[in-house]
Structures are given as structure tokens and as C-alpha cells.
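Structural overview for review
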Amino acid sequence: MNGTIDTAIHYYENYSPVGDIIVMGTCLVFFVLMKLSFNVKNKNYHLLKIMVACILASAVSSITYHVLLNMRLTVPHFWIYFFRSLQHVGYFLNLFVLVIYVKEPLQLEHKIRQIVTSLAGTAFLLLVGYDILGTVFRFGFYIEDGGNIHKAWQFFFACGYVFYIGEVVFLLLYFRGRMVKQILYGIIGTLGISFVIMAIQGSHGQSSFTTACFMLPVLTLLYMIHSNPYNIDIGAVNLTAFEDMITYSHNKKQSRILMALYLPEFEGTGNRYPKEIQETIRRFTEVYFKQAVLFQVSSGRMILVVDIAKNLHYEESMHLILDQFKEEYKRFQLDYKIVILRTSPALSEKQDYLRMINYLESKMDMNSFRIAEENDYEEFAKRNYILSQLEDIKKAANLNDPRVVVYCQPVLNIATGKYDTAEALMRLILPGTGMVFPDVFIPLAEEHNLIHVLSEIILFKTCVRIKKMISQGIYVQRISVNFTVSELKDPKFCDDIKRIINDVGIPNDKIAIEITESQNDREFRIVKDRINELREDGIKFYLDDFGTGYSNFERIMELPFDIIKFDRSLVIACGSDKKSEKMVTHLARMFSAMNYSVLYEGVETDQDEEKCIRMSAKYLQGYKYSKPIPIDDLNKYFEKSAS
């Protein structure tokens, strides 16, 4: 007994609270970082919080227990026993939760999950039960009446620790194909370091770093899975890491290959990839290239980045992976697009690569791949320059911006035989590029939410020109300006239109707004409300492109349009098909009977004109009368007011 007591006393004299104090501070920092930085609060996030809480409780209990132990002759022994048990409960609850945590990324089958959980739970109950019962029945740790300490716990404690470490390592190694190698090696390596520290301090009769050893694996999980951007399923890192890598590569002038995979089925859903796909992606990342890094830049888009210096035969590997992907497509049948490009000085900004990938994808068919060629970089550079100019136009918010130019196409009024209306058209004139036409920049502006500022500039400049023409005695019935349905959805749309017209100081009825038909029920209701509000102020509305795509007559009848613009495709169809002419004629007459005026676009010949007049035209527009001209040239077509 004396030998046991002496050894125990020596054991406790070798304790220093420094290790536990550092652990307490570290745990508090963990909680602050987790509170401020973590956006995805999934199950493993909450398990990590429990582990940190267990370690913090153990550190506090360890310090309190050792302080009270030194005062054991004057304090009730109950409190010594209580904090000692709380310390050990925290240790082993932390290890139990670690086992539960590791189960998730391994995606164990239900039966195996039950076995793993049962073993870990049983071990926890045995360890805690032995600790408490050993104190109560005096076969474990207890303090004798004279203050002597009896301890027969170290061996049992060590066995429990080894059991949990062994269970975790066994699961990771046995199911290693289901976990990303970086994370696998990180966890096992940290557990090994912790085990070595525990063994060294035990051989020296120390206990100062016990809590720190339990904390090290949690630190690994925090860094590699939660704070570090690794996706635990496929081993990908996130968009921020991708941008950092691009910046680093450019600064170091390192050449890399980017293989971008787009899976539209998962884009924007946040759904987890099936286990079979996870395994396939991990295999592609690990097998074909040396030290390749996978980035997940959105829920449906991944980019594999390959360092050319470390993969001199990358072209061969690249074609192997494409061939293998085609085989996998036969198995999974998931739509995809693959873009392959090389880092280039032409793509100077970190955002350029994603934009380039999106650009190439937009030109591809589904289930195909494309390797970027030199002309692709040149075309993208021009496109990217236009986009940068559009972004600068929005940032400047100058309604007189000289880069946005108004062209107009005069419209013939059949009733008067004169030109008194026109359609305002948008053009860009950019430094070093010259004229840019709408089919190039409007899709870009819409895609990047830059269209409304352009429309506002066109409206403002049109209003200014109308005011000048009126002051010159020229009769202007109205000029129409195009807006998108997405612009009408903005709650500030009506206020923006009214403000610009009122600031310039022209009558509201001199402006018309052209929109295309909405195919969405919610959009339809919003569009209807916006039209009604602005028509109350005298602003006219045109339905543009009637006859293209889908047309819902019930919706058209509900919307208070003033003019229906028949697309040129209808004019062309009527030229060769009597049935089409008859159908279009009936439609035009129906609209006219309901007080809609009909305007035919794309009139190019005398035959087109005669035919459209037969088909109840009120207005005609097209190259027969004029191509689009600068708005300042409208004076050549409009006439002086009768007064």
C-alpha cells in the first residue's frame, strides 16, 4: 500500500497547470472563431462544438481538482472526487464523440454504424463507471483519512485511451477509400502525435499535458474540415482557395492546367453527391496527376488544377481522364460539360478564369468537352473588356455617359403617312474598340445585372432629345425604349422612370416602354402592376416580339398594352404561306378590334409593306424606311408641328 501511495503522491507533485490554462484559452478562441466564421452548421459542426466543450470542461476540472487535492486536509473530499470524475467524463466523452464524428464522412452501412456506436458507448460507460465505483467502493482512486492518496486507475485509463484511438484509426484505415487522403493522414498523424506525448509524459510521471493531447485531434478537424475549405466528401477546397491559388500562380509565373467539370443537376441545389460519385471524383483527383488540387467553386462546378512542372506528361493523363469520364457517364448518366484551359497572362484577374469557363460553357453542347484554343482567349479578352466597361458604367452611374449611345429606327404611321414615332436602340462606343452592337453586350449586361443602368441612360438621353425636338417645333408623338422583365421586377422601377422623365421635363405620353411577354406567373402579376401604375401617368406600353416562341393570349389580353409589335418572322412566314397570312391577318384584326394598335417589324420591301397594310397594320418599321440611325438624325424624318 505504501508503495502505491508514494507513487501516487509523486505523480501529483509533477503536475503543472500551464498546459490546462493554455488549453482553456485555446478552447475559448475556438468558440469565438466558430461563432464568427462558420456558415455551414451541419451535424459535424455541432459534434465539433461538443468536443471543444468537453475539452474545456476537462481543463477547468483538472485545474480545480489539482488545487483541491493540495488542500485535501481541509476541504471535503467529495469535491475532489467530483472534479476528478468530471475531468475524466470530459476526456472520454470527447473520444466517444470523435468516433461518432468520424462515422459521418465514412458513410458506414447501418449495421456497421450500430456496432461502432455500441462499442464506443459501452467503453464510455465502463470507463466512467469504473472511475466512479472505484472511488465509492475504494478499489480505485480515493483519499484515506490521513490524507494519503490511493490510486489504481492509470492502467485502466490508458487502456480506455488506447481503445478509442485504436477504434478511430481502424475505421479510418479500413474504410480509407471513403475519405479524402489529406484529411485521413491529418487525423491519423495527429492521433499518433497525441499518443506519443501521452506515453512520454506517463513514463516521467507527468500529467500536465493530458488535456492538450485530447485537444490536438480537435484542432486537426477544425483546421482541415471546418476552417480549412476542404469538402469532406470529395476532398475539394473552396472558391476562396481557388482564387488564392490563381493569384499565387500568376505571381510565381507557374503554368497550370485547369479541368473544369460542370454538373447542372447539382448546381444551386446544395445536395450531397451520391457516394459512388464521390468515390469517382476522389479517384480522378488522386490517380491521374501528381499533387493535383480539386476546387469546388459552386455546388455543381469543380475545377481540378494540375501543376505542369510536376506533371510533364499531363496531356496523356488529361486524355486518359476524359476517356475514363466517358465510361463513367455511361454508368451515372448525369449531364455534364468539361472545359480545359491553361493559365495565361491574358487572364490577369483571379475572376477571369471562372468567367472564361462560363463563356466557353455557353458555347458548348451538353455532355461534351472543350479544350481552350488561342482564339478563345482572344475572344474572351474582348468580351471581358466589354464587361469591365459595363461594370464601370454602372459604377459611374452617369446618365450622360458618352459610352452609351442612342440610335433610333423611325416608325411609319400608316394613318398619316408620316414618321412621328421611333424606337430607341442601344449601342456602345468603347475606347479602343469602337461600336459594340446589342447582341454582344446585352446578354452580358443581363447576366451580370448591369442592364438597368444602361436602360436608364438610354431613357434619359431619349428624353433630352425629345425635349430639344419639341423646342425646335418638331412633332414627336412618342419614342419607345426597351426594358427587360427583370427590370420591371425591381420595386424601384416605376420611381426610376418617373424621376428621369420629370427631371428632363417632357410630357409622360412622349415615352413608351417596350417589353417582351413574361412566361412566369409571378412575373406576370408584377409586370401587370407596373404597367398599370405607369399608364396612369400617360406612359404607353408596347408588347415586343409577338410571334416568337411562346405566347399566352389570356395573359396578353389581361395586360393593358397600347401597341402589339408583330415580329419579322411573321412577315416572312406570310410571304410564302397563304395560311400563315390568313392567320396573321385574323390576329391583327382581333387586336385592332380590342383597341390594340398593330406594328409590323422588319418591313424591307414594297411587297412587305403592301402585305402588312392588308393585314391591319397601324405602324410599320424596318429597313425599307430606315436602318437604325443616331437619335440626332431623327429630324430628317420627323416633321414640323402643324401649329
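None of these values were measured; they are calculated from a predicted model.

The subject of this paragraph is the sheet that holds strand 6 (residues 337-342). Read from one edge to the other, the open sheet built from five strands follows the order 4-5-3-6-7, with strand pairing classed as mixed. Each edge of the open sheet is held by one strand with a lone partner, namely strand 4 (293-298) and strand 7 (368-371). Across the sheet, the mean angle from the axis of one strand to that of its neighbour is 20°, orientation sign disregarded. The pairing of strand 6 with strand 7 spans four bridges and is classified as parallel.

If you check helix 13 (residues 374-396), its first and last C-alpha atoms are 33 Å apart, about what 23 residues at 1.5 Å a residue would give, namely 33 Å. Looking at helix 13, one finds that the buried residues are D376, Y377, F380, R383, N384, I386, L387, Q389, L390 and I393. Where helix 13 terminates, the next one or two residues include A397, which has phi positive at roughly 50°.

To continue, consider helix 14 (residues 438-447). Listed in full, the buried residues belonging to helix 14 are F441, L444 and A445. Projection of helix 14 onto a plane perpendicular to its axis shows the buried side chains occupying an angular sector of 100°, all on one side. Phi turns positive, to about 55°, at N449, one or two residues after helix 14.

The next point concerns the packing of helix 10 (residues 275-287) against helix 11 (residues 314-332). Two numbers describe how helix 10 lies on helix 11: the axes approach to 12 Å, and their chain directions differ by 175°. With respect to each other, helix 10 and helix 11 are oriented roughly antiparallel. Between helix 10 and helix 11, the residues in contact are E276, I277, T280, R283 and F284 and I321, Q324, F325, E328, R331 and F332, respectively. Looking at the contact of helix 10 with helix 11 residue by residue, the classes come out as five nonpolar, two polar and four charged.

Membership of the largest hydrophobic core comes to 79 residues, with the highest contact counts inside it found for L454, F566 and Y600. Residues contacting F566, with those up to four places away along its chain left out, are F546, V584, L587, A588, F591, V598, L599, Y600 and E601.

Any two aromatic rings considered together are summarised by their centre-to-centre distance and by the angle between their planes. This model, assessed by the stated rule, comprises 34 aromatic pairs. Pairing W79 with F83 gives two aromatic rings, centres 6.4 Å apart and planes at 35°, and the pair type is tilted. In this pair, W79 and F83 both sit in helix 4 (residues 77-106), four residues apart, roughly one turn of the helix. A residue is classified by how much of its surface remains accessible, and F83, at 19% relative accessible area, is buried. Taking the centre distance of 6.1 Å and the plane angle of 45° together, the rings of Y359 and F380 count as tilted. With Y359 in helix 12 (residues 352-362) and F380 in helix 13, this residue pair connects regions lying 21 residues apart in the sequence. When sorted by exposure, Y359 lands in the same class as F380, which is buried. Here the aromatic cluster, defined as three or more aromatic residues joined through ring pairs, consists of Y91, F92, F157, Y161, F163, Y164, F195 and F214. When the ring centre of Y407 is taken as origin, the NZ or CZ atom of R427, which lies over that ring, is 5.4 Å away.

Mapping Q409 onto the fold places it in strand 8 (residues 404-413). Among the polar contacts listed, one links the side chain of Q409 to the backbone oxygen of S626, at a separation of 2.9 Å. Leave out the neighbours within four places in its chain, and Q409 touches A422, E423, L425, Q621, G622, Y623, S626, K627 and P628.

Packing of helix 6 (residues 154-174) against helix 7 (residues 181-203) brings their axes to within 10 Å, and their N-to-C directions diverge by 160°. By the angle class used here, helix 6 and helix 7 are roughly antiparallel. Crossing angle aside, the handedness with which helix 6 passes helix 7 is left-handed. Where helix 6 approaches helix 7, its residues F157, Y161, V162, I165, V168, V169, L172 and L173 are matched on the opposing element by L184, I187, I188, L191, S194, F195 and M198. Its residues assigned to classes, the contact of helix 6 with helix 7 shows 14 nonpolar, one polar and no charged.

On to the side chain of K337. For K337, the location among the structural elements is in strand 6. Lacking a salt bridge, the buried K337 has E361 as its closest oppositely charged neighbour, with an N-O distance of 6.2 Å. Within the structure, K337 has its side chain in polar contact with the backbone oxygen of E361 (distance 2.9 Å). If near-sequence neighbours (up to four positions away) are discounted, K337 is found in contact with A260, L261, Y262, E361, M364, D365, M366 and S368.

Across the six residues that make up strand 4, a large majority, five, are buried. Hairpin connection from strand 4 to strand 5 (residues 301-307): two residues lie between these consecutive antiparallel strands.

It is worth spelling out the pattern of salt bridges at this point. On inspection of all chains with the given rule, the structure shows 31 salt bridges. Notably, a salt bridge pairs R403 with D392, separated by 2.9 Å at the nearest N-O pair. Here the residue R403 occupies a position in the loop between helix 13 and strand 8, and D392 occupies one in helix 13, the gap between them amounting to eleven residues. When salt bridges that share partners are traced, they join E423, E514, K565 and E601 into one network.

Let us look at the environment of E609. One can find E609 in helix 22 (residues 606-614). Here the alpha-carbon distance between E609 and N231, two residues 378 residues apart in the chain, equals 63 Å. Excluding anything up to four places from it in sequence, E609 contacts L412, V603, L620, K624 and Y625.

Of the residues in the chain, 93% reach a pLDDT of 70 or more, and the chain-wide mean stands at 88. For residues 1-12, every residue scores under 50 in pLDDT, and the model assigns this stretch 20 contacts once sequence neighbours within four places are set aside.

Once that is clear, we can look at unusual backbone geometry. Trans peptide bonds make up the majority, and among non-glycine residues the majority have a negative phi. In this model, Q333 sits at a positive phi of 55°, which is unusual for a non-glycine residue. Inspection of the secondary structure puts Q333 in the loop between helix 11 and strand 6. Residue Q333 is classed as partly exposed on the basis of its relative accessible area of 49%.

So, about the environment of P76. Tracing the backbone through its elements, the reader meets P76 in the loop between helix 3 (43-70) and helix 4. Residue P76 is classed as partly exposed on the basis of its relative accessible area, which comes to 49%. For the pair P76 and G121, spaced 45 residues apart in sequence, the C-alpha separation works out to 32 Å.

Cut-offs and rules
- Residue positions are given per chain, counted from 1 along the sequence in the order it is written.
- Where local features are concerned, this predicted model is filtered to residues with pLDDT of at least 70; where side-chain atom pairs are given and counted, the filter is 80 or more; whole-chain, interface and lining totals use all residues.
- The basis for every side-chain value is the complete set of heavy atoms in the structure, and neither hydrogens nor water enter the calculation.
- Between any two strands, pairing holds if DSSP finds at least two bridges.
- By definition, any uninterrupted DSSP run of H or I lasting at least four residues is a helix, any uninterrupted run of E lasting at least two residues is a strand, and each is numbered from the N terminus.
- Angles run from 0 to 180 degrees between N-to-C directions of axes, and those axes are lines fitted to C-alpha atoms, restricted for helices to the stretch in contact.
- By definition here, a helix of n residues has an expected span of 1.5 Å times n minus one.
- Per-residue accessibility, obtained with a 1.4 Å probe over protein chains only, is compared with the maximum for each type, and a residue is labelled buried under 20%, exposed over 50%, and partly exposed between these values.
- To be clear, the arc concerns the directions from the helix axis to the C-beta atoms.
- Angular relationships are summarised with four words: roughly parallel below 35 degrees, roughly antiparallel beyond 145, roughly perpendicular across 65 to 115, and oblique for the angles in between.
- Pairs of residues are marked as contacts when any of their non-hydrogen atoms sit within 4.5 Å.
- In this classification, Asp, Glu, Lys and Arg are treated as charged, Ala, Val, Leu, Ile, Met, Phe, Trp, Tyr, Cys and Pro as nonpolar, and every other residue, Gly included, as polar.
- Among buried residues, those of type Ala, Val, Leu, Ile, Met, Phe, Trp, Tyr and Cys that are joined through side-chain atoms within 4.5 Å constitute a nonpolar core.
- Between rings of Phe, Tyr and Trp, where Trp is taken as its six-membered ring, a pair exists when centres lie within 6.5 Å; planes separated by under 30 degrees are stacked, by over 60 edge-to-face, and by other angles tilted.
- To sit over a ring, a charge needs its Lys NZ or Arg CZ within 6 Å of the ring centre and within 35 degrees of the ring normal.
- N or O atoms closer than or at 3.5 Å make up a polar contact, with two conditions inside protein: a donor-capable atom paired with an acceptor-capable one, and, for residues adjacent in sequence, both atoms drawn from side chains.
- Note on convention: near helix rotated counterclockwise from far helix by under a right angle means a left-handed crossing. Clockwise means right-handed.
- Counting rule applied: Lys, Arg positive; Asp, Glu negative; His and chain ends not counted.
- Think of a salt bridge as a Lys or Arg side-chain nitrogen and an Asp or Glu carboxyl oxygen that are within 4 Å of each other.
- Each residue carries a pLDDT score, the predictor's confidence in it, ranging from 0 to 100.

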